[in-house]
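Residue strings, one per chain:
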Amino acid sequence: MMGPVISSRDCGSRAAAVPLVVSSKTKAQTHPPTSLVLPFSNPKSQLSLFNIHHKFYHNRRNGVAQSSPKMVTCSASAEKNNSAAKKLRLILDSPGVHQGPACFDALSALLVQRAGFDYCFTSGFSISAAKLGLPDTGFISYGEMVDQGQQITQAVSIPVIGDADNGYGNPMNVKRTVKGYIRAGFAGIILEDQVSPKACGHTRGRKVVSREEAIMRIKAAVDAREETGSDIVIVSRTDSRQAVSLDESLWRSRAFADAGADVLFIDALASREEMKSFCEISPLVPKMANMLEGGGKTPIVTPFELEEVGYKLVAYPLSLIGVSIRAMQDSLAAIKGGRIPPPGSMPSFEEIKDILGFNTYYEEEKQYAISSSQMARQRASSNVYGIQRRTPDYTEQRSQSPQDPVVEVITPEVYGGYGADNSRGPFSGIWSRTLRVKITGRDGFEKLDVRIPAGFLEGITNIVPEKPYVPQDKYQETECRFAKDDYM
């Protein structure tokens, strides 16, 4: 039987061959391992290849037969994503529960990293608020979310799980969304089963798509991951607890695990008992909790309690955007009252500069500093050709270089001013006269030959002196001056 086909397009140099053994195993039949020699020299590429059968791991875990893997491709963006995804998978494999605050821009993500967290989320609620000033009711688009996400992932080195709402459409849209989030550098992606337009998980009026469409969204996400050679972590979210029932949300979560989801998430569970019931299904698949601060439907539980129940990841979606709103309101009230925010309510200017990396920038900048003499040489070499006004230098004689151009001001020409029918043309009067400027290099080649209508030069006589006397041997460089007599 022919082994699986793997494409190595755009995966770097072919300096080293990496042997990889894979197998296609189903309930009905077992085939011997197939050994493939893949020309990858980048260690990250080598590691990512072992994730090609990720879908088959999930199906074997849940007892589902599978066919041979599809052709996959590996790109530079997938490599970058795999590095972040690998960090996130190490977190999922490590003991304990892991807290992840939700950020909404590059600065908030940077602060999460500086605070010592291992990873963070993006929040569609917070990004919609910060970027658009609008509620999380489906206003924000895929393009706006992926653009904001790329700025966030580039600002930090910790893995980021991106909120992708409902995938922004049908399963084909979901595939596009997953690939876009991979290129943006996300380590994970959250996909939900709401209809369009979607709504915040703890608000009223939520509706979900059918079971079949919800499952197809997850399958499309898994296919997109395989097609790009990525290992992005797929977090499946269902909002059916509030839209339908607890039993429906548990059924969907099991189905999402069977379809290949890496992490399961039921939003807006209403009690500790419901949270415990959720963690008992598909016990090998990590669970995510959402601690909505300020009064959501889910009870606020400590990380220790969440670990006991069986959760692996916990999100805090509103803390950063919430305290930012309150801090800005307090600051604006102080300014409006003729004061400034008290020192204890904001960092000093030096602290702000340190957070944003000014000191690091200054240190790195020193590597590329150039001396004043180098700058002077650069300026001198930049003035090669051109007609420029120069200040006369009476302190030293300057012989003309063989490279300097020759500028000729030729006797003005006068157009006839009459057409074939003896009528006056548009170029009559002052516009019938032109000043011709011709520049010829010392090499004998003509550089410029233009005729300038005198009408354009009318205002210049108010600026340029008429026939100023300057000794010819005192010019710093060749100069072209105009006078009224040249064209009047």
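What you are looking at is a predicted structure, and each value in this text was computed from that prediction instead of being measured.

## Regarding the overall build of the chain
A tally of helices and strands in the chain yields 17 helices and 13 strands. Taking all contacts inside the chain whose residues are at least 6 apart in sequence as the whole, residues at least 24 apart take part in 69%.

## Brief notes about unusual backbone geometry
Note the cis peptide between Ser 196 and Pro 197, where omega equals -5°. Note that Pro 197 resides in the loop between β6 (188-192) and α8 (211-228). Of note, the phi angle at Ala 268 is positive, near 65°, even though the residue is not glycine. In this fold, Ala 268 is placed in the loop between β8 (263-266) and α11 (272-280).

## Structural notes on the confidence of the model for the chain
Averaged over all residues, the pLDDT of the chain is 77; the fraction at 70 or higher stands at 65%. Long-range and interchain partners of residues 1-73, a stretch whose pLDDT sits below 50, account for 121 contacts in this model, where long-range means more than four residues apart. Counting contacts from residues 394-400, a segment whose pLDDT is below 50, to residues more than four positions away or on other chains yields 10 contacts.

## Observations concerning the pattern of salt bridges
Two side chains of opposite charge can pair, provided their charged atoms sit close to one another. The tally for this structure, following the rule as stated, stands at 21 salt bridges. Between Lys 198 and Asp 165 there is a salt bridge, with its nearest N and O atoms 3.5 Å apart. Placement of Lys 198 in the loop between β6 and α8 and of Asp 165 in the loop between β5 (160-163) and α7 (171-183) is noted, with a sequence separation of 33 residues between them. For Asp 165, a relative accessible area of 3% corresponds to the buried category. In this structure, Glu 192 and Arg 237 form a salt bridge, with 3.4 Å as the shortest nitrogen-oxygen distance.

## A word on the packing of aromatic side chains
All told, the structure shown has six aromatic pairs when counted by the stated rule. Pairing Tyr 119 with Phe 121 gives two aromatic rings, centres 5.4 Å apart and planes at 70°, and the pair type is edge-to-face. Under the relative-accessibility criterion, Tyr 119 is labelled buried at 0%. The exposure class of Phe 121 is buried, given its relative accessible area of 2%. Counting every residue linked through ring pairs, the aromatic cluster contains Phe 358, Tyr 361 and Tyr 362. The positively charged end of Arg 211 is found above the aromatic ring belonging to Trp 251, 3.8 Å away from the centroid.

## Some thoughts on the sheet that holds β6
In space, the eight strands of this open sheet follow the order β8-β7-β6-β5-β4-β3-β10-β9, with parallel pairing throughout. On the outer flanks of this sheet lie β8 and β9 (288-290), each paired with one strand and no other. Strand after strand, the sheet turns through a mean of 25° between neighbouring axes, direction not considered. Of the strand pairs in this sheet, strand β3 (residues 98-103) and strand β4 (residues 120-122) are connected by two bridges, and their pairing is parallel.

## Examining the environment of Met 291
Here Met 291 is to be found in the loop between β9 and α12 (303-309). For the pair formed by Met 291 and Asp 267, sequence separation is 24 residues and the distance between their alpha carbons is 9.7 Å. Leaving out residues up to four positions away in the same chain, Met 291 has contacts with Met 275, Thr 298, Pro 299, Ile 300, Val 301, Leu 306, Val 314, Ala 315, Tyr 316 and Pro 317.

## Structural notes on the state of the cysteines
The final tally for this structure, using the stated rule, is zero disulfides. For Cys 103, which is in no disulfide, the shortest distance to another cysteine sulfur is to Cys 120 and amounts to 3.9 Å. Overall, Cys 103 belongs to the buried group, its relative accessible area being 0%. Its relative accessible area of 0% is what places Cys 120 among the buried residues.

## Considerations on α8
Counted at 1.5 Å a residue, the expected span for α8 with its 18 residues is 26 Å, and the 26 Å between its end C-alpha atoms agrees. Ala 214, Ile 215, Arg 217, Ile 218, Ala 220, Ala 221, Val 222, Asp 223, Ala 224, Arg 225, Glu 226 and Thr 228 are the residues of α8 that are buried. Remark: Gly 229 follows α8 within two positions and exhibits a positive phi of approximately 70°.

## A look at the environment of Gly 167
The residue Gly 167 is located in the loop between β5 and α7 in this model. When its relative accessible area of 0% is taken as the criterion, Gly 167 is described as buried. A sequence separation of 22 residues divides Gly 167 from Ile 189, and the C-alpha atoms of the two residues are 9.7 Å apart. Excluding residues within four positions of it along the chain, Gly 167 makes contact with Asn 173, Val 174, Thr 177 and Leu 191.

Cut-offs applied
- Residues numbered from 1 in each chain as written.
- Predicted model: local features only at pLDDT ≥ 70, side-chain atom pairs only at ≥ 80, totals over all residues.
- Heavy atoms only, no water.
- Helix = DSSP H or I, 4+ residues; strand = E, 2+ residues; numbered from the N terminus.
- Contact = heavy atoms within 4.5 Å.
- pLDDT = per-residue confidence, 0-100.
- Salt bridge = Lys/Arg side-chain N within 4 Å of Asp/Glu carboxyl O.
- Buried < 20%, exposed > 50% of the residue type's maximum accessible area, 1.4 Å probe, protein only.
- Phe/Tyr/Trp six-rings, centres within 6.5 Å; stacked < 30°, edge-to-face > 60°.
- Lys NZ or Arg CZ within 6 Å of the ring centre and 35° of its normal.
- Pairing = 2+ DSSP bridges.
- Axes fitted to C-alpha atoms, helices over the stretch in contact; angles between N-to-C directions.
- Disulfide = S-S within 2.5 Å.
- Expected span 1.5 Å × (residues − 1).

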